[in-house]
Amino acid sequence: MTKPWTAAAVLQLHEAGIIDIDKPIAPYVDDILMRGNGTTLAQLWNNDPVLDQVTPRLLMGMRAGLQDYNDTWYKLVTEDDPTFDVTPYDLLHVQNKTWCCPPGTCGKYASTGFELLGLLLAQATNCSTWEEYDQLSVIPAPLRAQFNRTSFPGTQRNAHTPRSAAQRNAHT
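This report concerns the structure included in the present document.

Procedures and definitions
Residues numbered from 1 in each chain as written. Predicted model: local features only at pLDDT ≥ 70, side-chain atom pairs only at ≥ 80, totals over all residues. Heavy atoms only, no water. Helix = DSSP H or I, 4+ residues; strand = E, 2+ residues; numbered from the N terminus. Buried < 20%, exposed > 50% of the residue type's maximum accessible area, 1.4 Å probe, protein only. Areas by Shrake-Rupley, 256 points an atom, 1.4 Å probe, with all protein chains shown as cover. Disulfide = S-S within 2.5 Å. Axes fitted to C-alpha atoms, helices over the stretch in contact; angles between N-to-C directions. Parallel < 35°, antiparallel > 145°, perpendicular 65-115°, else oblique. Left-handed = near helix turned anticlockwise from the far one by under 90°. Contact = heavy atoms within 4.5 Å. Nonpolar A, V, L, I, M, F, W, Y, C, P; charged D, E, K, R; others polar. Phe/Tyr/Trp six-rings, centres within 6.5 Å; stacked < 30°, edge-to-face > 60°. Lys NZ or Arg CZ within 6 Å of the ring centre and 35° of its normal. Salt bridge = Lys/Arg side-chain N within 4 Å of Asp/Glu carboxyl O. 1 Å grid on protein atoms, 1.4 Å probe; cavity = no way out; pocket = protein on both sides within 12 Å on 5 of 7 lines; lining within 4 Å. Points joined across faces, edges and corners; volume = space filled by probe spheres on them. Core = buried A, V, L, I, M, F, W, Y, C linked by side-chain atoms within 4.5 Å.

## Some words on the overall build of the protein
Along the protein, the regular secondary structure elements total eight helices and two strands. Within the protein, the fraction of its 172 residues that count as buried is 42%. Surface exposure of the protein reaches about 9100 Å², of which carbon and sulfur atoms provide 52%.

As structure tokens, this is what we get:
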């Protein structure tokens with residue numbers, strides 16, 4: 001899912017009163033992290049108390065102080081095995097856990113924050129796994145047919161198998 005769509009979906013949940021974008025991210029992702037990864041966000045960050053300051057709002061604005069994921073590792077793993085589909089859990093495990101700044105005090109590009117927001121979306125919409133999240137849910141159902149050229153990456157083969165809204169609607 002792309003960053004603007006992710007942010008729009010998070011804001012929709014905020015407007016519906018399902019999440020609060022100014023509360024810490026960890027409670028929104030811990031259940032799905034435990035199911036899919038066997039750990040909590042605090043455990044991944046070695047119980048760093050700074051993590052309590054990271055909110056969905058800061059993640060959407062790339063102001064959470066997170067480092068970006070390791071491009072070298074990502075390139076190596078995907079070139080070594082083109083069938084390996086990197087998951088949010090993989091990225092979180094190899095994530096540099098040092099802060100580039102205290103949350104809210106600087107802006108730094110960090111895709112990993114959007115991985116966390118994707119997990120939030122899956123958890124907040126009662127998905128058992130992150131793969132179950134319907135990325136088209138951000139588009140109102142009556143309008144989905146008009147987005148017949150919109151595609152979101154699927155899984156397998158490095159997630160380069162697109163699933164367009166039209167293809168998805170044909171199967172639902």
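Additional details are given in the paragraphs that follow.
## Notes on the state of the cysteines
Enumeration over the complete set of coordinates arrives at one disulfide. Each sulfur of the disulfide joining C101 and C106 lies 1.9 Å from the other. Taking the torsion about the sulfur-sulfur bond, which here is approximately -75°, the covalent link between C101 and C106 counts as left-handed. Neither residue differs from the other here; C101 and C106 are each classed as buried.

## Section: the packing of helix α1 (residues 3–15) against helix α7 (residues 111–124)
Between α1 and α7, whose axes approach to 10 Å, the crossing angle comes to 40°. Our classification of the angle between α1 and α7 gives oblique. Seen from above, α1 lies across α7 with left-handed handedness. Within the contact between the two elements, α1 uses K3, T6, A7, A9, V10 and L13 and α7 uses S111, F114, L117, G118, L120, L121 and A124. Taken together, the residues that form the contact of α1 with α7 break down as nine nonpolar, three polar and one charged.

## Section: the packing of aromatic side chains
A ring pair, where both rings are aromatic, is described by two values, the distance of the centres and the angle of the planes. All chains considered together, the criterion is met by one aromatic pair. Pairing W45 with W99 gives two aromatic rings, centres 6.4 Å apart and planes at 35°, and the pair type is tilted. Here the residue W45 occupies a position in the loop between α3 (41–44) and α4 (56–60), and W99 occupies one in the loop between α6 (88–94) and α7, the gap between them amounting to 54 residues. By the burial criterion, W45 is buried, and W99 matches it. We note K3 situated over the ring of F114; from NZ or CZ to the ring centre the distance is 6.0 Å. Seen from the ring of W45, K97 lies directly overhead, with NZ or CZ sitting 5.3 Å from the centre.

## Remarks on the pattern of salt bridges
Applying the stated criterion across every chain, the model contains one salt bridge. Put simply, D22 and R57 hold a salt bridge, and the shortest N to O gap is 2.5 Å. Of this pair, D22 sits in the loop between α1 and α2 (26–37) while R57 sits in helix α4, and the two are 35 residues apart along the sequence.

## What to know about empty space enclosed by the protein
Scanning all chains against the criterion turns up one cavity of 30 Å³ or more. L59, M62, R63, A64, G65, L66, K108, A110 and G113 are the residues that line the largest cavity.

## Remarks on the nonpolar core
Judged by nonpolar contacts, the single largest core of 40 residues is most densely connected at I25, L41 and L120. Secondary structure elements with two or more residues in this core: α1, α2, α3, α4, α6 and α7. Take this core: its biggest share by element is eight residues, from α7. In this structure L120 touches V10, L13, I19, I25, Y28, V29 and P56, once residues within four positions along its chain are discounted.

## Looking at unusual backbone geometry
The phi torsion at N47 lies on the positive side, around 55°, for a residue other than glycine. Relative to the helices and strands, N47 is located in the loop between α3 and α4. Relative accessible area serves as the criterion here: at 57%, N47 is assigned to the exposed category. One non-glycine residue, N126, lies in the positive phi region at around 65°. Here N126 lies in the loop between α7 and β1 (151–153).

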